[in-house]
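One-letter residues, chain by chain:
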Amino acid sequence: MTTPLTLIPGRSPDGTVRLAVSGEIDMSNVGHLAEALASGSGPLVVDLTGVEYLDSAGLSVLFAHAERLELIVPPLLEPVLAVSGLADLATVHNPGTRNGTQS
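In this text, all values refer to a predicted model and were calculated from it rather than measured experimentally.

A. The overall build of the protein chain, seen in detail. Of regular secondary structure, the protein chain possesses four helices and five strands. Helices (α) and strands (β) of the protein chain occur, in sequence order from the N terminus, as β-β-α-β-α-β-α-α-β. Taken over the C-alpha trace, the protein chain has a radius of gyration of 13 Å; the compact-globule value for 103 residues is 13 Å, and the two agree within 12%. The dimensions of the protein chain, computed from C-alpha atoms along their principal axes, are 35 × 30 × 25 Å. Sorting the 103 residues of the protein chain into buried and exposed places 41% on the buried side. When contacts within the protein chain are restricted to residue pairs at least 6 apart in sequence, those whose partners lie at least 24 apart make up 51%.

Encoded structure:
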């Protein structure tokens, strides 16, 4: 059974635009993520720590906005972003790393 995709927009205390994403990102729901990412301009922090699955459709949408994204990812997604090359284009952090250093 798949976990539904949930998107929660918000702002950090410093005013940075954020998008918390949880569930599974796949071809059946990636349009919702694409709309959320396209709805704004400028830097965007995308918290993917609640994502359990990310397929190539989800990666494609993230690639389209990579230059303005700061991604917060769980250890499960770090290898996927590294192998795909997305980690070379977007800022990627693991919340478990000390001081939020870039991975």
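Now that the structure is up, let's keep going.
B. Structural context of helix 1 (residues 30-38). Every buried residue of helix 1 is listed here: Val30, Leu33 and Leu37. Taken around the axis of helix 1, the buried residues stretch over an arc of 60°, which confines them to a single face. Of the residues in helix 1, the exposed ones pointing more than 90 degrees away from the buried face are Glu35 and Ala38. As for helix 1, its buried residues are in contact with strand 1 (6-11), strand 2 (17-25), strand 3 (44-54), helix 2 (56-64) and strand 4 (69-72).

C. Structural context of the sheet that holds strand 3. As summarised here, the arrangement of the five strands in space is 1-2-3-4-5, forming an open sheet in which the pairing is mixed. Where the open sheet ends on each side, the last strands, each with one partner, are strand 1 and strand 5 (91-93). Each strand of the sheet is rotated relative to its neighbour by a mean of 20°, with strand direction disregarded. The pairing of strand 1 with strand 2 spans six bridges and is antiparallel. Counted as the bridge partner of Thr6 is Ser22 from strand 2.

D. Broad picture of the pairing of strand 1. Within strand 1, only zero of the six residues are buried, which leaves the element largely exposed. The antiparallel pairing of strand 1 with strand 2 creates a hairpin that spans five residues between the two strands, and Gly15 there sits at a positive phi of about 95°.

E. Fine view of the pattern of salt bridges. Applying the stated rule across the entire model yields one salt bridge. Where Asp47 meets Arg18, a salt bridge forms, and the shortest distance between an N and an O atom there is 3.9 Å. Separated by 29 residues along the polypeptide, Asp47 in strand 3 and Arg18 in strand 2 bring together distant segments of the chain. For Asp47, a relative accessible area of 17% corresponds to the buried category. The class for Arg18 is partly exposed, based on a relative accessible area of 27%.

The rules behind the values
Residues numbered from 1 in each chain as written. Predicted model: local features only at pLDDT ≥ 70, side-chain atom pairs only at ≥ 80, totals over all residues. Heavy atoms only, no water. Helix = DSSP H or I, 4+ residues; strand = E, 2+ residues; numbered from the N terminus. Rg over C-alpha atoms; globule rule 2.2 N^0.38 Å. Buried < 20%, exposed > 50% of the residue type's maximum accessible area, 1.4 Å probe, protein only. Contact = heavy atoms within 4.5 Å. Arc of directions from axis to C-beta. Pairing = 2+ DSSP bridges. Axes fitted to C-alpha atoms, helices over the stretch in contact; angles between N-to-C directions. Salt bridge = Lys/Arg side-chain N within 4 Å of Asp/Glu carboxyl O.

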